[in-house]
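Here's the letter readout for the chains.
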Amino acid sequence: MPKLTIDGIELEVAPGTSVLQACEQLGIEVPRFCYHEKLSVPANCRMCLVEMEKAPKPIASCAMPCGEGMVIKTDTETVHKARKGVMEFLLINHPLDCPICDQGGECDLQDQAVGYGFDRGRYGEEKRAVKDKNLGPLIKTIMTRCIHCTRCIRFSDEIAGVSVMGATGRGEHMEIGTYVEAAVSSEMSGNLVDVCPVGALTSKPYAFTARPWELRKTESVDVLDAVGSNIRIDTRGGEVLRILPRLNEAVNEEWISDKTRYAHDGLKRQRLDRPYIRENGKLRAASWEEALALAATKLKGSAPEKIAAIAGDLADAESLLALKDLLGGMGVASLESRQDGSAIDATSRAGYIFNSTIAGIEQADHVFLIGTNPRWEGALVNARIRKRYLQGGLTVTVLGPRVDLTFPIEHLGNDATLLNAIADGSHPYAETLKAAKKPLLILGSGALARPDGAAVWAAARAVAEACGLVREDWNGFNVLHRAASRVGALDLGFLPAKGGRDLAGILDGARKGEVEVVYLLGADEIEAQHFGRAFVIYQGHHGDRGAHRADLILPGAAYTEKNATYVNTEGRAQHTRQATFPVGEAREDWKIIRALSGALGKPLPYDTLQQLRKRLADANPAFAQIDRVTPAAWGAFGTAGAVAAAPFTLPVENFYMTDAISRASATMAECTEAFVSPAVAERTGTHG
Amino acid sequence: MSASETPAGPATFEFTADNLALAQRIIAKYPEGRQASAVMPLLDLAQRQHDNWLPRAAMDYVAGMLGMAPIRVYEVASFYTMYNLKPVGKHFVQVCTTTPCWLRGSDEVLAACKRKLGIGPGETTADGQFTVVEVECAGACVNAPVISLDDVYYEDLDGPSTEALLDTLIRGEKPKPGPQNGRINSAPIGGPTTLIEMAQRNGVKPASQE
Ligand code: SF4
Ligand code: FES
Ligand code: FES
């Protein structure tokens, strides 16, 4: 533990700490451009110069490890002069076009120029200009502004795992780009905009939209996958203008996926802004009273066995519980939250969550992926595996379709029956798992949505138990969900009660006329024809599949428009916060259900969000622990049996469009066009 | 720099059998897992095979061979000026214009090229026979000014000797390499000026003596 003195303060730091990090520990700000906490250290911008006793010249603090007895000064004449010199050089070729630059107001260069810039230029020569590069539909480039910090190169290489950015040419002719002018094909590419300290890489969809000081910032949580990335929603005048990541080391660190970041333009399209009733095959606008009365009539007019409810992937815990309370109170047993037909159920919490936790991936030394493409099903989980891989000593084995995961893998093939063989030790891979110190398996949600899903689930449990994945101090059994609502719904038991129908049963019943009323709580993944002649009540925010089939539409709120609870794949309950109001006459979802309970004459026992949240915590203590994961006790789950020989298929065909919001997003459509369609054409040979 | 500023070149590139064998020998020089270190000699080899310039297909080919991301190869190829990313003439005339050569008359050399070939630095003759470029110190300042041409150095040039040199090439002959003014290697012009006794013992006439 080296001891050193910084500005007269003595401190002891962990070995390997850089001088810059030590300064940060003391709260001393050191300006920097190239240094980024999560990236490797190239020390090429020289902005972080500090003085070190006995050194002949200022040192780059970001790259200098703390040494015993070092004496550092960060606030001397020399330091200021040195930093001013660096700043002057940086500005020589910088266009100083802040008034027309989207980074203005949140630009590191602008901020630091205030501290270290000269009030006029001394450079009378011609500035250089650099041609802009085409990096695809998400990232806009104005390369003349680039200060060659190489953060974008390191981000692509290290975090995103797609080595496409580079610096070509040299000296004055050095340029940052991809050389081949290809779009950056990574589900994490939007983070380039955040890592670029200047306005060279900015957000294309957000171009010239707003200035940072005009925005209202709301801290919230993403729901477009089950990772629960922490986000900041920036709004102005009731409109979501952009979404940025918010630091949460346990979940998304400081990154978010491109869908999380850019799908929000879908919030403005195809919105359900008022109740609608279908009459003579056509939807007509209706008032809330009328709509709720109709819903009440329909629900009262059918026997409880003839009523069913299906919750969608974006449903929040509050509305799930309210709907369960309401319908359950009426004796309705056919509740379903597994739109994909998954066999997963609530028998054991450890069986349906990501027990190791996302941050826990960093402790693993072996990862076993079963029927999943984490890159598309939980981009940040994949990023975490890659991070672990870069630390060295991680091996990854895949059972299922082979995809490029940005790290090397061992492919076991795609024979699902191997799961049984590994569990009973007859497959040699069992030895690999047993030999690992902290092995971890990730079971894809698609693997559980097969007809033999329960057997797959049990087989994965058997593998975990037989190969030492579940121990006193370590639980390496993980399910990677895609639906933000799934774990919450399982926690609340939004599942068929005794005698109730599951998804297949509901759809079958609807076809046969045995189910007369289906209540869809934002369920959009089921084709319309499956509902037969049932009366479909759709509560949700987008005119997507569910609403197209609906006989009655109750307009709800999207995740940016409500204070709601979601439980991520780890079992971590988190709150979204209302950033804008629901559109038109739409209402927060639990309130709609509460109002409906009134119309039914069976008012639910909560009138405020607090009361409802209290009820949530009573229903399952997981909801009382916000942003925390309580380890779940191991228990039996699944149905032991032989896994069918059918190969695993991946559930996500297009990362960019997986739900009602991203399907309505023009930006996501562009991404599909740019990144997914060409790949599909390549595979199927239908291009050209 | 970006690919759009250079000609597309052929769609594919492959080493000839001989070059492939040579490439494998080069790669084998580096320790296991460090084969990317062979990128520069391999690019050079590819350039030699491909009329002295590197199309993108060749860079991609080298990247594939060494297991590197293509951009890492583009970075190397665009950093070093000795890699040509655009086609060049059959004879690649590299005129050194760094200070020692310039003091010794590299302007004259360039002017002679212009007279003889009608092209200035960075240009290629219409018949594709010659490209003239300016380069930084070629490392032969002792015999400045210098032209490096098709892997051979021509030294101690002036206007007329440069023209003569180019004439020889135009006739399709190979000029005599090295100093063009009668100097032996980099010995003093006219004979030795030091170690005179030793020179005399060996029967060489020193410079200062008639
Ligand atoms: S584009 Fe931005 S992140 Fe990339 S090198 Fe330039 S300034 Fe740095
Ligand atoms: S931050 Fe230290 S050199 Fe760039
Ligand atoms: S300056 Fe021309 S060879 Fe050195």
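About the criteria used
- Residues numbered from 1 in each chain as written.
- Chains lettered and ligands numbered in written order.
- Predicted model: local features only at pLDDT ≥ 70, side-chain atom pairs only at ≥ 80, totals over all residues.
- Heavy atoms only, no water.
- UniProt positions renumbered as here; feature names shortened; annotations may be inferred.
- 1 Å grid on protein atoms, 1.4 Å probe; cavity = no way out; pocket = protein on both sides within 12 Å on 5 of 7 lines; lining within 4 Å.
- Helix = DSSP H or I, 4+ residues; strand = E, 2+ residues; numbered from the N terminus.
- Contact = heavy atoms within 4.5 Å.
- Near = heavy atom within 4 Å.
- Sits in = over half its atoms within 2 Å of the grid points.
- Nonpolar A, V, L, I, M, F, W, Y, C, P; charged D, E, K, R; others polar.
- Patch = residues over 30% accessible without salt bridge, like charges linked within 9 Å, V, L, I, M, F, W, Y side chains within 5 Å.
- Areas by Shrake-Rupley, 256 points an atom, 1.4 Å probe, with all protein chains shown as cover.
- Salt bridge = Lys/Arg side-chain N within 4 Å of Asp/Glu carboxyl O.
- Lys, Arg positive; Asp, Glu negative; His and termini not counted.
- Charge placed at Lys NZ, Arg CZ, Asp CG, Glu CD.
- Domains from an automatic or database assignment.
- Pairing = 2+ DSSP bridges.
- Buried < 20%, exposed > 50% of the residue type's maximum accessible area, 1.4 Å probe, protein only.
- Axes fitted to C-alpha atoms, helices over the stretch in contact; angles between N-to-C directions.
- Parallel < 35°, antiparallel > 145°, perpendicular 65-115°, else oblique.
- Left-handed = near helix turned anticlockwise from the far one by under 90°.
- Polar contact = N/O pair within 3.5 Å; in protein donor to acceptor, adjacent residues only side chain to side chain.
- Points joined across faces, edges and corners; volume = space filled by probe spheres on them.

Further remarks concern the UniProt feature "binding site: [2Fe-2S] cluster" (unreviewed entry) in chain B. Residue and element names in this part refer to chain B. According to UniProt, the positions carrying the feature "binding site: [2Fe-2S] cluster" (unreviewed entry) are Cys96, Cys101, Cys137 and Cys141. Spanning 46 residues, the annotated positions come together in the fold, the maximum distance between their C-alpha atoms being 9.1 Å. Set against the largest pocket, the annotated residues that line it come down to Cys137. Structurally, cysteine 96 is set in strand 1 (residues 91-96). Beyond its immediate stretch of four places on either side in the chain, cysteine 96 contacts Cys101, Ser106, Val135, Glu136, Cys137, Ala138 and Val146. With respect to the helices, strands and loops of the structure, cysteine 137 is situated in the loop between strand 3 (130-135) and strand 4 (147-149).

Further remarks concern the site of ligand 1. All names here are of chain A. Looking at ligand 1, there are 14 residues lining it, with Cys146, Cys149, Thr150, Cys152 and Cys196 nearest. Given that more than half its atoms are within 2 Å of the pocket grid, ligand 1 belongs to the second largest cavity. For the shell around ligand 1, the residue count by class is eleven nonpolar, two polar and one charged.

Let us now look at a negative patch on the surface. A surface patch of negative charge is lined by Asp107(B), Glu108(B), Glu134(B), Glu136(B) and Asp158(B). Mapped onto the elements, Asp158(B) comes out in the loop between strand 5 (152-155) and helix 7 (159-170).

Take the domain arrangement of chain A next. Interface size is often expressed as the accessible area that is lost when the parts come together. What the domain assignment lists for chain A is domain 1 (3-92), domain 2 (119-214), domain 3 (276-337 + 501-563 + 584-629) and domain 4 (349-482). A C-alpha centroid distance of 58 Å is found between domain 1 of chain A and domain 3 of chain A.

Another aspect to go through is the domain arrangement of chain B. Entries for chain B in the domain assignment read domain 1 (17-79) and domain 2 (91-179). The C-alpha-based centres of domain 1 of chain B and domain 2 of chain B are spaced at 29 Å.

A word on the sheet that holds strand 4 of chain B. Residues and elements named next belong to chain B. Strand order across the open sheet formed by six strands is 2-3-1-4-5-6, with mixed pairing between neighbours. Each end of this open sheet is capped by a strand with a single partner; those strands are strand 2 (123-124) and strand 6 (178-179). Note: strand 4 against strand 5, three bridges, orientation antiparallel. Directly across from isoleucine 147, in strand 5, lies its bridge partner tyrosine 154.

This brings us to unusual backbone geometry. Cis geometry is found at the peptide bond from Ala144(B) to Pro145(B), where omega equals -10°. Structurally, the position occupied by Pro145(B) is in the loop between strand 3 and strand 4. With a phi angle near 70°, Thr150(A) is a residue other than glycine that sits in the positive phi range. Mapping Thr150(A) onto the fold places it in the loop between strand 6 (139-141) and helix 4 (151-160).

This next bit is on the pattern of salt bridges. All names here are of chain A. Within the structure shown, the criterion is met by 60 salt bridges over all chains. Of the charged contacts in the structure, one is a salt bridge between glutamate 253 and lysine 38, with a shortest N-O distance of 3.5 Å. Of this pair, glutamate 253 sits in the loop between strand 12 (239-245) and helix 6 (258-262) while lysine 38 is found in the loop between helix 1 (19-25) and strand 3 (49-52), placing the two residues 215 residues apart along the sequence. Close ionic contact of glutamate 570 with arginine 572 constitutes a salt bridge, the shortest N to O distance being 2.8 Å. The two residues glutamate 570 and arginine 572 agree in class, both being buried.

What follows covers the environment of Lys205(B). Checked against the element boundaries, Lys205(B) lands in the segment after helix 8 (196-201). In sequence terms Lys205(B) and Gly191(B) are 14 residues apart; their C-alpha atoms lie 6.2 Å from each other.

In this section: the packing of helix 3 (residues 56-66) of chain B against helix 4 (residues 70-79) of chain B. The geometry of a pair of packed helices is captured by two quantities: the angle between their axes and the separation between those axes. All names here are of chain B. Two numbers describe how helix 3 lies on helix 4: the axes approach to 9 Å, and their chain directions differ by 120°. With respect to their mutual orientation, helix 3 and helix 4 come out oblique. Both helix 3 and helix 4 take part in a crossing whose hand is right-handed. Contact residues: helix 3 offers Arg56, Met59, Asp60 and Ala63, while helix 4 offers Pro70, Val73, Tyr74 and Ala77. Here the contact of helix 3 with helix 4 is built from residues that sort into six nonpolar, no polar and two charged.

The next thing to look at is the environment of Lys217(A). Residue and element names in this part refer to chain A. On the secondary structure map, lysine 217 appears in strand 10 (residues 216-221). Between the C-alpha atom of lysine 217 and that of arginine 232, which follows or precedes it by 15 residues, the distance is 6.3 Å. Not counting the four nearest positions on each side in its chain, lysine 217 is found in contact with Pro212, Arg232, Ile233 and Asp234. Polar side-chain contacts of lysine 217 include one of 3.1 Å to the backbone oxygen of proline 212. Side-chain polar atoms of lysine 217 contact the backbone oxygen of leucine 215, separated by 3.5 Å.

Residue and element names in this part refer to chain A. In spatial order, the strands read 10-11-12; together these three strands make up an open sheet with antiparallel pairing. The open sheet is flanked by strand 10 and strand 12, the only strands paired with a single partner. The mean inter-strand angle of the sheet, taken between neighbouring strand axes irrespective of direction, is 30°. Relative to strand 11 (residues 230-236), strand 10 is paired through six bridges, and the arrangement is antiparallel. Opposite serine 220, over in strand 11, you have isoleucine 231 as the bridge partner.

Vacant regions in the atomic arrangement are exposed by a probe of water-molecule size rolled over the atoms. Residue and element names in this part refer to chain A. One pass over the full model with this rule turns up five cavities of 30 Å³ or more. Roughly 160 Å³ of volume is contained in the largest cavity. Looking at the largest cavity, it is lined by 19 residues, and the ones nearest its centre are Leu314, Ala315, Leu521, Gly522 and His541. Per element, the largest residue contribution to the lining of the largest cavity is three residues, and it comes from strand 25 (residues 535-540). As a volume, the second largest cavity reaches approximately 80 Å³. Along its surface, the second largest cavity is lined by 14 residues, and Cys146, Cys149, Cys152, Cys196 and Ala200 are the ones closest to its centre. Class assignment for the residues of the lining of the second largest cavity results in eleven nonpolar, two polar and one charged.

The volume enclosed by the largest pocket comes to roughly 1,600 Å³. Lining the largest pocket are 41 residues, and of these Thr81(B), Met82(B), Tyr83(B), Asn84(B) and Phe92(B) sit closest to its centre. When residues of the lining of the largest pocket are traced back to their parent elements, those giving at least two are helix 2 (39-49), helix 4, strand 1, strand 3 and strand 4 of chain B. Here the lining of the largest pocket takes four residues from strand 3 of chain B, the largest share from any one element. Of the residues assigned to the lining of the largest pocket, the class counts are 16 nonpolar, 13 polar and twelve charged. Within this model, the second largest pocket holds a volume of roughly 1,200 Å³. Every element with two or more residues in the lining of the second largest pocket is listed here: helix 3 (108-116), helix 5 (191-195), strand 9 (201-203), strand 10, strand 12 and helix 6 of chain A. It is strand 12 of chain A that provides the largest number of residues to the lining of the second largest pocket, a total of seven residues. Looking at the lining of the second largest pocket residue by residue, the classes come out as 19 nonpolar, eight polar and 20 charged.

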